[in-house]
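Single-letter residue listing:
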Amino acid sequence: MIDVYSAATPNGHKVHIMLEECGMPYRVHHVDISAGDQFKPDFLAISPNNKIPAIVDAEGPDGKPLSLFESGAILVYLASKAGKFLGSTDHEKFATLQWLMFQMGGVGPMLGQAHHFRIYAPEKIEYAINRYTNEAKRLYGVVDKQLSKSTYLAGSEYTIADIATFAWFRSWKNQGIEWTEYPHAKRWFDEIADRPAVQRGVEVLAGLRKPLTDERAKEVLFGATQYARR
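Keep in mind that what you see is a predicted model, and the values were worked out from it rather than measured.

Asker: Whenever I open this one, the overall build of the chain confuses me. Can you help?
Answerer: Along the backbone of the chain there are nine helices and four strands. For the chain, the α and β elements follow one another from N to C terminus as β-α-β-α-β-β-α-α-α-α-α-α-α. Over its C-alpha trace the chain gives a radius of gyration of 18 Å, about what one expects of a compact globule, namely 17 Å for 230 residues. Its C-alpha atoms give the chain principal-axis dimensions of about 50 × 45 × 30 Å. Within the chain, the fraction of its 230 residues that count as buried is 47%. Sequence-distant contacts, at least 24 apart, represent 65% of the contacts inside the chain between residues at least 6 apart. Of the roughly 11,700 Å² that the chain leaves accessible, carbon and sulfur atoms contribute 53%. When the 27 basic and 27 acidic side-chain charges of the chain are each reduced to a single mean position, those positions are 3 Å apart.

Asker: It is not clear to me how the sheet that holds strand 1 (residues 2-6) should be interpreted in this structure. Could you clarify?
Answerer: Backbone hydrogen bonds are what pair the strands of a sheet, in a parallel or an antiparallel way. Taken in spatial order, the four strands of this open sheet run 2-1-3-4, and their pairing is mixed. Both outer strands of the open sheet, strand 2 (26-30) and strand 4 (66-69), are each paired with one neighbouring strand and no more. Mean inter-strand twist for the sheet, computed between neighbouring axes without regard to direction, equals 15 degrees. Looking at chain direction, strand 1 and strand 2 are connected through five bridges and run parallel. Counterpart to Tyr5 in the pairing with strand 2 is His29. Its contacts with the sheet place helix 1 (residues 10-22) against strand 1, strand 2 and strand 3 (54-57), and it is angled at close to 155 degrees to strand 1. Contacting strand 1, strand 3 and strand 4, helix 3 (residues 71-82) crosses the sheet at an angle of about 135 degrees to strand 4.

Asker: Help me understand the packing of helix 1 against helix 3, please; the structure alone is not making it clear to me.
Answerer: Helix-helix packing is described using two parameters, namely the angle between the two axes and the distance between the axes. Contact pair helix 1 / helix 3: the axes reach a minimum separation of 9 Å and the direction vectors enclose 5 degrees. It follows from the interaxial angle that helix 1 and helix 3 lie roughly parallel. From helix 1, Asn11, Lys14, Val15, Met18, Leu19 and Cys22 reach across to helix 3, where they touch Ser71, Ile74, Leu75, Leu78, Ala79 and Ala82.

Asker: Would you mind going over the pairing of strand 3 with me for this structure?
Answerer: Taken residue by residue, a regular strand's side chains alternate between the two faces of the sheet. Across four bridges, strand 1 lies against strand 3 in antiparallel orientation. The residue of strand 3 that forms the bridge with Val4 is Ile55. As paired strands, strand 3 and strand 4 are joined by four bridges and run antiparallel to one another. Across the sheet, the residue bridging to Val56 is Ser67, located in strand 4.

Asker: What should I look at first to understand the packing of aromatic side chains in this one?
Answerer: Remark: the centre distance and the inter-plane angle together describe each pair of aromatic rings, the angle taken between the planes. Counted under the stated rule, the structure contains 13 aromatic pairs. Judged by centre distance (5.6 Å) and plane angle (5 degrees), the rings of Phe117 and Tyr132 are stacked. Of this pair, Phe117 sits in helix 4 (residues 90-120) while Tyr132 sits in helix 5 (residues 126-147), placing them 15 residues apart in sequence. With a relative accessible area of 15%, Tyr132 lands in the buried category.

Criteria and cut-off values
- Residues numbered from 1 in each chain as written.
- Predicted model: local features only at pLDDT ≥ 70, side-chain atom pairs only at ≥ 80, totals over all residues.
- Heavy atoms only, no water.
- Helix = DSSP H or I, 4+ residues; strand = E, 2+ residues; numbered from the N terminus.
- Rg over C-alpha atoms; globule rule 2.2 N^0.38 Å.
- Buried < 20%, exposed > 50% of the residue type's maximum accessible area, 1.4 Å probe, protein only.
- Contact = heavy atoms within 4.5 Å.
- Areas by Shrake-Rupley, 256 points an atom, 1.4 Å probe, with all protein chains shown as cover.
- Lys, Arg positive; Asp, Glu negative; His and termini not counted.
- Charge placed at Lys NZ, Arg CZ, Asp CG, Glu CD.
- Pairing = 2+ DSSP bridges.
- Axes fitted to C-alpha atoms, helices over the stretch in contact; angles between N-to-C directions.
- Parallel < 35°, antiparallel > 145°, perpendicular 65-115°, else oblique.
- Phe/Tyr/Trp six-rings, centres within 6.5 Å; stacked < 30°, edge-to-face > 60°.

In structure tokens:
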């Protein structure tokens, strides 16, 4: 049994989808990030960067418990444990890791900034909105070009790179994206969205998602609270 500490966010859904795809037994624990659960000592013990998701595998390597934070690291671990979605040859594995790092270093951070300045920022800063919306469009273009040459990001097989990127592309509308500009990415997106395991994964904790209208929640997520040294 794998314990998953998470929330219904793109990074959380990466791990939810992966667990469903692998058919691994797991128990999910909601971390209410708008209430500050991510700053509690018990959570910081397994996720020192106070970010979701994190996992604890009671049967980790050599049968010993293992805790992990960072969604990309968790995906690699689960793929290795299950023997799925990482590629069979060294060439396939490194191709997968290349596109996973592209998601971790580019797609996630940049689309997250697009979300923030387009939707959540208390003042609309035109420079920031344009900068991150344009970067979102550029990243979608990179993905679209790659998918014009291959079925999936790392080649002919569905991998953790697709799972990770799909989870962020689900919020395309908030990122200022029009799918008509990215037909190959749209084909890929629709195919992944139709997978039963993906449909189950994106529903995990989704019923607990709340609109971000509370000023205290906004302060916890975007104000001084998140910057306190712990």
